[in-house]
Each structure stands twice: as C-alpha cells, then as structure tokens.
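# Descriptive analysis of the structure
Given next are the chains, with one letter for each unit.
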Amino acid sequence: MPTLKATRTPDASASSGRPAPRWLAPALAAILGALTIIAFFPAFSAGFVSWDDHDVLVNNPHYRGFAADNLRWMFTSTLLGHYQPLTWMSYAVAHALWGMNARGYHATNVAIHLVNVLLVFVLAMRLIVLSRSPIGPGGGEPGNAPTSGVVLAAGLSAGLWGLHPLRVESVAWITERRDVLSTLFLLLSTLAYLRSARIGELRVGDARWLWIAAGLLGVSLLCKAWGMTLFVMLLALDIFPLRRVAMDPRRWFGREGITLLVQKWPMVALGIAAAAMAAHAQHSAIATKTLAQWGVTERIVQAVHGLWFYMRTSVLPMDLSPLYALPKNVDPTEPRYLLAFVCVGVGAALIIALRHRLPGLAIAAAVYGIALLPVLGFLQSGDQFVADRYSYIAMIGFSILAGAGAAALGRRASTTAIRAVMLAAWAGVVGVLVMLTHVQTRVWDNTIALWSQAVRTAPSSLAHTNLALAYLNEQPPDRVKAAEQLILALRSDPDDGRAWFTLGNTLRSVGRLREAEEALLNAARLMPQAYMAHVNLGSMYLTQMNRPQDAIVQLRAAVADVERGAVVEKGQRRPLSALPYLALGNALRATGDIAGARQAFMEALKFDETRTDAENELRATPDGP
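Below or above, wherever it landed, is the structure these notes cover. (Residues numbered from 1 in each chain as written. Predicted model: local features only at pLDDT ≥ 70, side-chain atom pairs only at ≥ 80, totals over all residues. Heavy atoms only, no water.)

So, about the overall build of the chain. Within the chain one finds 30 helices and 4 strands. Its C-alpha atoms give the chain a radius of gyration of 28 Å, within 12% of the compact-globule value 25 Å for 625 residues. Relative to its 625 residues, the chain shows a buried fraction of 50%. Counting only contacts in the chain whose residues sit at least 6 apart along the sequence, the fraction spanning at least 24 positions is 73%. (Helix = DSSP H or I, 4+ residues; strand = E, 2+ residues; numbered from the N terminus. Rg over C-alpha atoms; globule rule 2.2 N^0.38 Å. Buried < 20%, exposed > 50% of the residue type's maximum accessible area, 1.4 Å probe, protein only. Contact = heavy atoms within 4.5 Å.)

Shown next, in the form of structure tokens:
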C-alpha cells in the first residue's frame, strides 16, 4: 500500500528531543498510584448500598462459586439488563477471597481503576509521540523514547482523567465493577491496535497485534457492552494521530476508509454482536422506554443535554449526584436545555472549523461523542437522565488532549521560571481533583449517605423514596424520617406509584390503616407492578381489617395483573410473580372456599419461587368442596 501524505507536518523536532530520564516515567506512575489510593481511600471502608448492590450481590447466590450451575448462570444471565459474564466471574473470585465483606469488593474496584490510570498514562505517551512523529520509516515506532515533556504531559493526562470526581461512581459503586473491568481491556485493546498500525500507511504493520486487539475487545465486551463502538474510535485514531487517512470526510468513504474498516472486521462483528446482546438484555429486564413513554423530542433534548453535561461537570465537578432522574416532562425551551443546544452547536462548529489546524481536538471530540452514543438516551434504558459513570471512557480523549495542550504551552514558555509556575499550577489542579474525589467517594459509604446526597444535589421523587427506604431499613427503623421523605417524594410527583406503595406500607406498619388503604389504592392505580400493591392491600384487609371479601377482590386483581404482564420464557408465557396465587389461596381458605384455595395453591406449585410454600399450604389444606 502507498504511504499517505500528511495534510500538516507534525512538529518532528519535539519528538526528536532528548529522551526523558529512565526514572521519570516509573516515578510518575508511582505518584499516580499513590494519588489514586488517596483519592479513593474512603471506599476501602464503605459497605454495600441499596442501589442495585443488594440485587446484584447481597441477595444473589448464583455468582458464588465456579460450579457448572454457577457458570451457566453467569454466561446466560441478563440480571438488571446487563450481560456481563466475566464481571460475574470477578465477583465470584472476590466472594472466594472475602465472602460478603464489602471492603474486599471495593478494594478490587480501586485496584482495577488504578491499573486503568496507569494504562491511560501509557496510552497518552503513545498518542502524543505519534502526534508529533513524522510520516516515514521509523516515525512513531513503539521503541521511540518519549521526551520529558511527553512523559509529564501523559502523567497530567492520566491524573486529570483518573483522579476526577466524575470517576467516583464507576469506582466506588461495587455494582459498576463492569465499568472499570471492561475499560481495562478496552485500553489494552487500543494499545495493541496502535502496535499493529503503521503511521501514515494503510497496510498493517503486524497483524498479530491486530488480532490481539480484537481478542481483548471481545474480553471487554464480556464485562460490559459499552466497547461496542471501539472500532469507530479506532477509525478516528486512524485519521489522527496515525494519519492513515486524511481528515477530509470524502476520503473516508473511498478506498482508504473502506480498507481501514475491512481491517477491523473482527471488531465490527464483535461490536454488532455486543449491541444485539445488550438490546436483548435490556429488553429482558423490561428496562427500555418505548416512544410512547419517552418521545423523540425528549430523546433529542436528553442527548444534547448529555453532551453538554459531561463537559460542564468535567470542568466544574460540583454537586455531583448518584441519580439525575429522568424528568417527567421535558420542555426544550427551558433555559438549561437551550444553553446545552447553544454550547453543543457552537462547540461543534468551532471543532469543524479548526479540524485541520487542531486535529487532536477534532479526534478527542469524535471519541467523546462515539463513546457516549450508546448512553445518550436514543435507546433510553432505566430512570437516569444522565449519569456520572457514562463519562468514564468518554473523557479519556479530552484528558489526553488537555495534557498535550499543557505540554505545548510549556514548550512555548519563554523562561524556565514560567514553566515551573505552569507545572505548579497543573499540580495544584490535580491536587484539587484529589480532594474533591476523596469527598465524593464518601458519598458511597452507605445507603443513607448516598441518597442524602441525591436529594440535596438532584432531588427527585425516586431519590426521596430511596432515602425513605434507607431509613426504614435501619435498625430500628426511623419511620418518622421515612414518612417525611415520602411526603417530599409525592410533593415532587403525585403520580409516583412506588412512593405511594412505600408510604402505604409504612403507615400500615404503625397501624394507620385507613391512610394506608388510601395510599395502597393509589399505588395499585399508578405502579407498573400493580400486583404488589394489590397483594399488600389484600393482606391488610385479611389480617388487620377483617374484610376477607375485599381481600379476595384485591388478590384476584393481583393475579390478573401478573397474568396480564406475563413474559415469554422458553416459548411459554409465565406471570412476573407467582406470589399472588399463594396469597389468594390463603384468603380463599380463610373464607371457607377450600376448592378455590387448593386451585390457587396448585398454580403457585408450578413456580420455583413459591413451590415449597405451596406444597406446605396444600398439606395444611384438607380436601373439600
């Protein structure tokens, strides 16, 4: 293949300066490691939090061990809408080492993130060397020693990325092990790809490294699917700093662009497969929003807001929250959304205008958008509008660009004293980030601290309800504080069925049955899982209010709800829960309808979750008319 001509000659003198002392890179790596531990130190004493940790780990026995049944579950489960078999295996290792001691799980997350910080350090050095290397024999070869400026720039890049408070959610939340673990292999895959490519040439330098890169991507996708767009990011790196294809978009669809895409066919295939699997996992968890639930206008506003949000919070990481809840209504003319449209539009226009003068900026922006594309809300899943964790991969490019830019300014400084002042200023920035990250990590210490931060920084009905549940789960339960939070939740959203459900259960527990009845009736009307409210209301009627006929009406409504919402499993429709059958059987037996009770218990007998209880109830229910 022919060598391509660069559209702009890089600063070859910068890459051909005196190599950095051999001690500098290891010393910076040690400093980065120490700062990472300091920044995330509060995580080492944190516990599990009631934000998926209990569903994923505390109440889930399936990942605990490497028996055939455990492995089968890990490689087939889509629990909570994620396919992550290798992440499950990492949890299995953690359980073998530490049992259910949360500190061990936290320590593992921090350790993996520390490795990622060092990999970003190495990646930054490699990309900066490539960006300054001339096209031709030996240009940008892996063996080329970076200068002291390049090493310092890479260290700053890794610090700006890895020590930033936006990283806390991915590191300090045990459930998000998938973030740090999948990113580790994505970084290794990218480094392997850079080893395979020749600067300025279409042909592959070493095909073995290309296959290694594809294999590492496959491993990453088995931890989490968000590396599905890696092949597009690598195509962006082909433009700059590799300069294997020109910046002109017309060339991307010509021979050069097609050649580079074909070279990546294993990664393309893996990305498509991962996207399909991710969609299946989300659908199986009933986590995706339909267009009727979340319209096209809302998705466009959410996407533009997200693009602006992660940039804004990267520059000003204030008032970060574990949950930025999906708003009930979105008004595109609201000032914060208008600001997002203006900033994203102006930013995109400037990047396009400066793409030839500042190709690194254009590529960092492209990687940012590509990395965020799966989580911008076009295929909305879950209750979050934006999330700190989504910036984990997306901000790597801009962090490297910031480090390289700082180094460029340092080279232009007229005196050594000015360079020293600039170095001290950047060290101060990193120091501030370490302090902010240390404080933000404390938020994840326990469930009450977590949701207290959420209601303070991004209040929502969901956050208030979760804080109420945290108070109810204390020993002893703090029902007064819980009720206060539930009132705030319903003031925020009177149609929040989950808040009504929690309030009804709380009022029932203190004997305020009439108020509990009203709350549970509202919950049954508003909750997607209405059967839960019907079951609790039926139980209250039966056991506390002596209204057995009303109880039967509610429990039949619960059965109807679960049958209406039945899911298809192995070609058969089955209810979302079998508990209503069990509860209905008890109510019918209490009213003397033995035949009806036995019929309900027989239905409950068909399901694993209720089989044992159904067998016991059938033995306790004599045959009768």
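On to the environment of Ile594. Secondary-structure assignment places Ile594 in helix H29 (residues 594–604). C-alpha of Ile594 to C-alpha of Pro622: the two residues are 28 residues apart in sequence and 7.6 Å apart in space.

Taken as a whole, this structure holds 24 salt bridges when the rule is applied. With a shortest N-O distance of 2.9 Å, Arg250 and Asp248 are connected by a salt bridge. Residue class for Arg250 comes out exposed when judged on its relative accessible area of 70%. Under the relative-accessibility criterion, Asp248 is labelled partly exposed at 24%. Each member of the salt-bridge network shares a partner with another, and the members are Glu169, Glu176, Arg178, Asp179, Lys224 and Arg389. (Salt bridge = Lys/Arg side-chain N within 4 Å of Asp/Glu carboxyl O.)

Moving on, we get to the nonpolar core. Residues Trp51, Phe121, Leu123, Trp444 and Trp451 are the most contacted members of the largest nonpolar core, which totals 138 residues. By residue number, the principal contributor to this core is helix H6 (residues 102–132), which donates 13 residues. Every residue in contact with Trp444, bar those within four places of it in the chain, is listed here: Ala46, Gly47, Val49, Trp51, Val168, Glu169, Ala172, Trp173, Pro322 and Leu450. (Core = buried A, V, L, I, M, F, W, Y, C linked by side-chain atoms within 4.5 Å.)

Note on placement: Asp179 falls in helix H9 (residues 177–196). Side-chain polar atoms of Asp179 contact the side chain of Ser170, separated by 2.7 Å. Contacts of Asp179, omitting those with residues within four sequence positions, involve Ser170, Lys224, Trp226, Arg389 and Tyr392. (Polar contact = N/O pair within 3.5 Å; in protein donor to acceptor, adjacent residues only side chain to side chain.)

As for its position among the elements, Gly257 is in helix H13 (residues 255–263). Judged by its relative accessible area of 12%, Gly257 is buried. With residues up to four places along the chain from it excluded, the contact list for Gly257 reads Val245, Arg251 and Trp252.

We now examine the packing of aromatic side chains. Tallied over the entire structure, the rule returns 17 aromatic pairs. Plain terms: the ring middles of Phe48 and Tyr105 are 5.7 Å apart, the flat faces sit at 65° to each other, and that makes the pair edge-to-face. Remark: Tyr105 occurs in helix H6 and Phe48 occurs in the loop between helix H2 (24–39) and helix H3 (53–58); sequence separation between them is 57 residues. By relative accessible area, Phe48 is classed as buried at 17%. Assessed through its relative accessible area of 0%, Tyr105 is described here as buried. (Phe/Tyr/Trp six-rings, centres within 6.5 Å; stacked < 30°, edge-to-face > 60°.)

With that settled, the discussion passes to the environment of Leu188. Position of Leu188 relative to the elements: it lies in helix H9. Distance from Leu188 to Ala213, taken between C-alpha atoms, is 7.4 Å for residues 25 residues apart in sequence.

A few words on helix H14 (residues 265–284). With 20 residues, H14 extends 28 Å from end C-alpha to end C-alpha; this agrees with the ideal 28 Å at 1.5 Å per step. Within H14 the residues assigned to the buried category are Pro266, Met267, Val268, Gly271, Ala274, Ala281 and Gln282. Buried positions along H14 lie against H9, helix H10 (207–221), helix H11 (230–239) and H13. (Expected span 1.5 Å × (residues − 1).)

Across the interface, helix H25 (residues 513–526) lies against helix H26 (residues 530–543) with an axial gap of 8 Å and an inter-helix angle of 155°. Classed by the angle they form, the pair H25 and H26 counts as roughly antiparallel. Of the two elements, H25 crosses H26, and the hand of that crossing is left-handed. Along its contact with H25, which presents Leu513, Ala516, Glu517, Leu520, Leu521, Ala523 and Ala524, the element H26 presents Ala530, Ala533, His534, Asn536, Leu537, Met540 and Tyr541. (Axes fitted to C-alpha atoms, helices over the stretch in contact; angles between N-to-C directions. Parallel < 35°, antiparallel > 145°, perpendicular 65-115°, else oblique. Left-handed = near helix turned anticlockwise from the far one by under 90°.)

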